[in-house]
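Take a look at the letters that make up each chain.
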Amino acid sequence: MRQLVLLTGVEIKEYLREPGILFWAIFFPILLALGLGLAFSGGGEKEKTVAIVCSAADCVFPYNIESSEGKLLGNEKIGFTRYQFEKTSWDEAILMLKKGMISMILKVEGDEIQYHFDPNNADANYGYLQLSAAIKGEAPDPGNITILEQGGTRYIDFLVPGLLAMGVMMSCMWGISYSNVDRRNKKLLRRMVATPMKKYNYVASQLISRLMLSAIEVLLLVGITKWIFDISITGSILAVVLLVIAGNVAFTGLAILIASRTSNTQIANGLINLVVMPMMIMSGIYFSYHNFPDFMIAIIQFFPLTILADSIRSVFLEGATLLNVMPQLIGLFAFGLILYAAGIRIYKWY
């Protein structure tokens with residue numbers, strides 16, 4: 001028993017002597033929970049935008065479309081949702097749907113309202129149940145639902161480009177950052193740098209290996225989803241290829257910077273999660289980042305994963321050309337090269 005107590009004390013002391021580990025293991029999850037809680041609670045009130053498409057000049061709609069206050073629905077038990085109604089054309093509404101700005105379109109013809117959405121989208125389903133019950137004052141009628149099946153309007157169409165972008169990030173962050181820290185910890189980097197190896201060749205080899213893995217991932221993901229879900233690239237295939245390369249450059253630079261100093265794999269794990277987790281949750285991979293408050297959206301749009309996911313999604317769903325995504329390509333390349341230069345300058349080989 002005395003041995004067990006002493007050994008347990010040793011483990012606790014080792015843990016406490018690494019303040020970095022203490023922060024990432026205990027305080028970081030708390031901070032992340034607080035941040036996400038604030039982002040999603042919205043002070044007890046959520047806000048959603050619904051596109052209104054009218055067949056006539058005068059829109060016969062129960063709520064004031066022009067009002068900036070929208071319509072507040074819900075109760076204290078399930079929470080409140082404020083619906084903002086935006087009158088627009090059908091084509092513009094479809095574009096908003098593809099971008100993830102809305103999840104449902106209401107088409108008004110006379111005094112009839114038709115709901116257009118993908119039933120596989122939980123957010124759209126909830127919105128339909130809430131809105132239809134409030135407008136009609138009775139149980140929802142399945143007869144006024146039109147399932148959106150055209151390319152780019154389904155949830156799976158929104159999801160796949162985001163997963164592709166996230167795969168690029170995860171491959172670089174874990175495949176480069178963690179492996180470099182692990183090699184430094186095992187003294188492998190010291191042995192490698194003692195050989196005639198050129199340092200830039202070492203870093204270049206990691207980027208090339210990531211590009212090869214990304215090529216396999218893209219081909220498999222696009223091929224399988226095309227076969228099963230009939231997903232297609234409506235824009236420039238060359239733009240997708242260059243965006244994947246630019247994404248690898250951006251996240252390779254970030255990975256090198258993160259792995260430039262520490263030799264502790266637990267600290268490296270915390271640093272990687274510090275970068276990966278917020279972007280994975282907030283950058284619009286699984287759901288639109290337009291669900292966040294406006295002040296957060298202004299920040300989220302500058303995340304490298306957000307830029308990459310939005311750009312790939314625009315090529316897949318909106319038919320974007322190489323010229324359309326050129327600013328994003330330049331931004332991602334510049335971001336990666338700047339961080340690479342900073343990381344390699346302070347890089348610790350032993």
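Use the structure listed above.
Here the structure is a predicted model, which is why all the values come from computation and not from measurement. (Residues numbered from 1 in each chain as written. Predicted model: local features only at pLDDT ≥ 70, side-chain atom pairs only at ≥ 80, totals over all residues. Heavy atoms only, no water.)

### Looking at the overall build of the protein
Counting secondary structure elements, the protein contains twelve helices and six strands. Residues classed as buried in the protein amount to 42% of the 350 residues present. Partitioning the intrachain contacts of the protein with sequence separation of at least 6 by distance along the chain shows that 73% fall at a separation of at least 24. Accessible area for the protein stands at about 18,500 Å²; split by element, carbon and sulfur atoms hold 63% of it. (Helix = DSSP H or I, 4+ residues; strand = E, 2+ residues; numbered from the N terminus. Buried < 20%, exposed > 50% of the residue type's maximum accessible area, 1.4 Å probe, protein only. Contact = heavy atoms within 4.5 Å. Areas by Shrake-Rupley, 256 points an atom, 1.4 Å probe, with all protein chains shown as cover.)

### Brief notes about the pattern of salt bridges
In total, this model carries three salt bridges according to the counting rule given. The salt bridge partner of K186 is D182, with a shortest N-O separation of 3.2 Å. With a closest N to O distance of 3.2 Å, K226 and D230 form a salt bridge. Taking the relative accessible area as the measure of exposure, K226 reaches 41% and is therefore partly exposed. (Salt bridge = Lys/Arg side-chain N within 4 Å of Asp/Glu carboxyl O.)

### Here we look at the pairing of strand β5 (residues 112-117)
Bridge count for strand β4 (residues 105-109) against β5 is five bridges, and the pairing is antiparallel. Pairing of L106 across the sheet is with Y115, part of β5. The loop that links β4 with its antiparallel partner β5 comprises two residues; one of these, G110, has a positive phi angle of about 70°. Relative to strand β6 (residues 145-147), β5 is paired through three bridges, and the arrangement is parallel. Its bridge partner being in β6, F117 is matched across the sheet by I147. (Pairing = 2+ DSSP bridges.)

### Comments concerning unusual backbone geometry
Trans is the common state for peptide bonds, and a negative phi is the common state for residues other than glycine. Of note in the backbone geometry, K187 takes a positive phi value of approximately 65° without being a glycine. Tracing the backbone shows K187 in the loop between α5 (155-185) and α6 (188-193). Despite not being glycine, D230 has its phi angle at roughly 60°, a positive value. Within the secondary structure, D230 is located in the loop between α7 (199-229) and α8 (237-258).

### A word on the environment of I267
With respect to the element layout, I267 can be found in helix α9 (residues 265-282). The sequence separation of I267 and V181 amounts to 86 residues, and the corresponding C-alpha distance is 9.4 Å.

### Overview of the packing of α7 against α8
Put simply, α7 and α8 touch, their axes get as near as 10 Å, and they point 135° apart. By the angle between their axes, α7 is oblique relative to α8. As α7 packs across α8, the resulting crossing turns out to be right-handed. Residues V203, Q206, L207, R210, L211, S214 and V218 of α7 form the contact with α8, whose participating residues are V244, I245, N248, V249, T252 and I256. (Axes fitted to C-alpha atoms, helices over the stretch in contact; angles between N-to-C directions. Parallel < 35°, antiparallel > 145°, perpendicular 65-115°, else oblique. Left-handed = near helix turned anticlockwise from the far one by under 90°.)

### A closer look at a nonpolar patch on the surface
Taken together, L213, I216, L220, I224, W227, I228 and F229 make up a surface patch of nonpolar side chains, about 760 Å² in accessible area. Topologically, I228 is positioned in helix α7. (Patch = residues over 30% accessible without salt bridge, like charges linked within 9 Å, V, L, I, M, F, W, Y side chains within 5 Å.)

### A closer look at the nonpolar core
The biggest cluster of nonpolar side chains holds 56 residues, and the ones touching the most others in it are M169, M173 and F251. Contributing elements (two or more residues each) for this core: α5, α7, α8, α9, α10 (294-300), α11 (304-318) and α12 (326-345). If near-sequence neighbours (up to four positions away) are discounted, M173 is found in contact with Y178, F251, L254, A255, I258, I272, V275 and V276. (Core = buried A, V, L, I, M, F, W, Y, C linked by side-chain atoms within 4.5 Å.)

### Observations concerning the environment of G127
Structurally, the position occupied by G127 is in helix α4 (residues 122-136). Taking the C-alpha atoms as reference points, G127 and F117, separated by ten residues in sequence, lie 9.9 Å from one another. Residue contacts for G127: discarding those within four places in its chain leaves Y83 and M104.

That's the geometry; what it means functionally is another story.
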